[in-house]
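Read off the chains here:
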Amino acid sequence: MSFLDKLLGRKNSADSAKERLQLVLIHDRTDLTSAELESLRDDLVATISRHVEIDVTGMQFGVEHDGRSQRLVADIPIKSAHRRRAARKSKTK
Amino acid sequence: MPAQVVTVTSGKGGVGKTTAIANLAVALASNGSRVVCIDGDIGLRNLDVILGLENRIVYDIVDVIEGRCRLKQAMIKDKKLPNLHLIPAAQTRDKNAVSASDMNRLVKDLRSECDFVLIDSPAGIERGFKNAIAPADRVLVVTNPEVSAVRDADRVIGILEAEGKGPGALIINRLNPALVKKQDMLSADDVLDLLAIELIGIVPEDEGVIVGSNRGVPVAADPKSRAGQAFRNIARRLMGEEVPFLDLESTGSLWERIQRLAGRK
């Protein structure tokens, strides 16, 4: 990594290599493309939304690796019942 | 004790499979083990030149399989190490001349004759690779600290798991400690973190490897070579010894740089 790279705050190439490989290996191992993951995410959101109101903007979703196994990790904030009740009331008015 | 059958593979070509096999063979044979190497790269024979045995070939692996010679006739004895033998690949045939069951049969006959059978797999994940891993008790995956080599190694490890050959053990070859220090090369830890399998050796980049291949004398025979030392350590690990990994990062210390400038290293 050159001095100029550091000065410009550019990431070192070993880190880029590692980050790129992490993504590529997840796709290679799971055989899931980014588009497929996205559609899986949308289906998940639709299904869960039928039961409970969720905060889609605060949602985290992706594949993480743990050793040689992959897991699908979704962290989905639920809107509080209090706010939901308030929202329902304002609608019925 | 029957022989341990070790296949060396990589997915990507040019990462140093043949160099690794030749060096492990020399290191194991120097320790007194009886070693037979099989070049599994039919049509692209190379292990013979790396070992410096190209002028001694009469019969090859396909001659044995097709019954034109006895197994012993195709086993070429090394110039210096009488307990090291090579069964060369056929150069004028293709990979379809050999099947996995041919390989299994051949290796079965060798098991009682030696301590280690080392099989050099061709690059790729097709028939030649499948043939090479079929008789293996243990598979070593060679990679370089570089994106395409690591990606291909991961594919191979996935196939090994699917074929019930275990995830294999990893050799990280051609690591350049100075580049790692500059953060312009994946470190051994990075590669291990990505591939998540057992590590059996880290081999530093070493000009001596090219000089050795020019002469047909693997660097494992050179007591001063660092790559040679790394291969000798892997050989001892294959023999079941616990050997600490070389401290490659230390080559960049200020004191060592001063020593190098002063021409002492």
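Residues numbered from 1 in each chain as written. Chains lettered and ligands numbered in written order. Predicted model: local features only at pLDDT ≥ 70, side-chain atom pairs only at ≥ 80, totals over all residues.

Our focus in this paragraph is the overall build of chain B. In terms of helices and strands, chain B carries twelve helices and eight strands. Looking at chain B as a whole, 48% of its 265 residues are labelled buried. Taking the contacts inside chain B whose residues are at least 6 apart along the sequence as the reference set, 75% of them involve residues at least 24 apart. (Helix = DSSP H or I, 4+ residues; strand = E, 2+ residues; numbered from the N terminus. Buried ≥ 20, exposed ≤ 12 C-beta atoms within 10 Å, placed from the backbone. Contact = placed C-beta atoms within 7 Å.)

Residue and element names in this part refer to chain B. Strand order in the open sheet made by the eight strands is S3-S4-S2-S5-S1-S6-S7-S8, with mixed pairing throughout. Because the sheet does not close on itself, it has two edges, and the strands there are strand S3 (76-77) and strand S8 (198-204). For strand S1 (residues 4-9) and strand S5 (residues 116-120), the ladder comprises five bridges, and the chain directions are parallel. By the bridge assignment, threonine 7 is partnered in S5 with isoleucine 119. In this fold helix H1 (residues 17-30) packs onto S1, strand S2 (35-39), strand S4 (84-87), S5, strand S6 (138-143) and strand S7 (169-175), with an angle of close to 165° to the strand it touches most, S5. Along the sheet, helix H9 (residues 188-195) makes contact with S6, S7 and S8, crossing S7 at roughly 145°. (Pairing = 2+ DSSP bridges. Axes fitted to C-alpha atoms, helices over the stretch in contact; angles between N-to-C directions.)

Before going further, it helps to examine the interface of chain B and chain A. Interface extent is often summarised as the accessible area lost during association of the parts. On the side of chain A, 16 residues touch chain B, which itself brings 16 residues to the contact. Mapped by element, the contributors of at least two residues to the side of chain B that touches chain A are helix H7 (147-162) and H9 of chain B. For the side of chain B that touches chain A, the leading source of residues is H7 of chain B, giving six residues.

The subject of this paragraph is unusual backbone geometry. A positive phi angle, close to 65°, is found at aspartate 31 of chain A, a residue other than glycine. Mapped onto the secondary structure, aspartate 31 of chain A falls in the loop between helix H2 (13-30) and helix H3 (34-49). On the basis of neighbour counts, which here come to 7 C-beta atoms within 10 Å, the residue aspartate 31 of chain A falls in the exposed class. Within the chain, alanine 196 of chain B stands out as a residue other than glycine whose phi angle is a positive 50°.

Let us look at the confidence of the model for chain B. Any region with low pLDDT has predicted coordinates that should not be read closely. Confidence along chain B averages 93 in pLDDT terms, with 94% of residues attaining 70 or more. Both confidence scores are given for the complex: pTM 0.86, ipTM 0.84. (pLDDT = per-residue confidence, 0-100.)

Next up on the list: helix H11 (residues 226-238) of chain B. Residues and elements named next belong to chain B. Under the 1.5 Å per step criterion, the end-to-end length of H11 is 19 Å for 13 residues, consistent within 8% with the ideal 18 Å. Along H11, the residues that are buried comprise Ala227, Gly228, Ala230, Phe231, Arg232, Asn233, Ile234, Ala235 and Leu238. Where H11 is buried, its residues contact S1, H1, S7, S8 and helix H10 (207-215). Of the residues flanking the end of H11, it is glycine 240, one or two places downstream, whose phi is positive at about 100°. (Expected span 1.5 Å × (residues − 1).)

Let us look at the environment of leucine 110 of chain B. Residue and element names in this part refer to chain B. Summarising the element assignment, leucine 110 is placed in helix H5 (residues 100-111). Judged by local crowding, leucine 110 falls into the buried class, with 21 C-beta atoms found within 10 Å. Taking C-alpha positions, leucine 110 is 9.6 Å from valine 5, a pair spaced 105 residues apart along the chain. In contact with leucine 110, other than residues within four places in its own chain, are Ala3, Val36 and Val117.

All right, on to the nonpolar core then. Residue and element names in this part refer to chain B. Ranked by internal contacts, the top residues of the largest apolar core, which has 84 residues, are Leu24, Ala25, Val35, Val117 and Leu118. Counting residues per element, this core draws most heavily on H1, which supplies nine residues. When near neighbours in sequence (up to four residues on either side) are disregarded, leucine 118 contacts Val6, Val8, Ile21, Leu24, Ala25, Val35 and Cys37. (Core = buried A, V, L, I, M, F, W, Y, C linked by C-beta atoms within 7 Å.)

Quick look at H3 of chain A now. Taking 1.5 Å per residue as the helical rise, H3 of chain A with its 16 residues ought to reach 22 Å, and the 22 Å between its terminal C-alpha atoms agrees with that figure. Of all 16 residues that make up H3 of chain A, zero are buried, and the element is exposed over most of its length.

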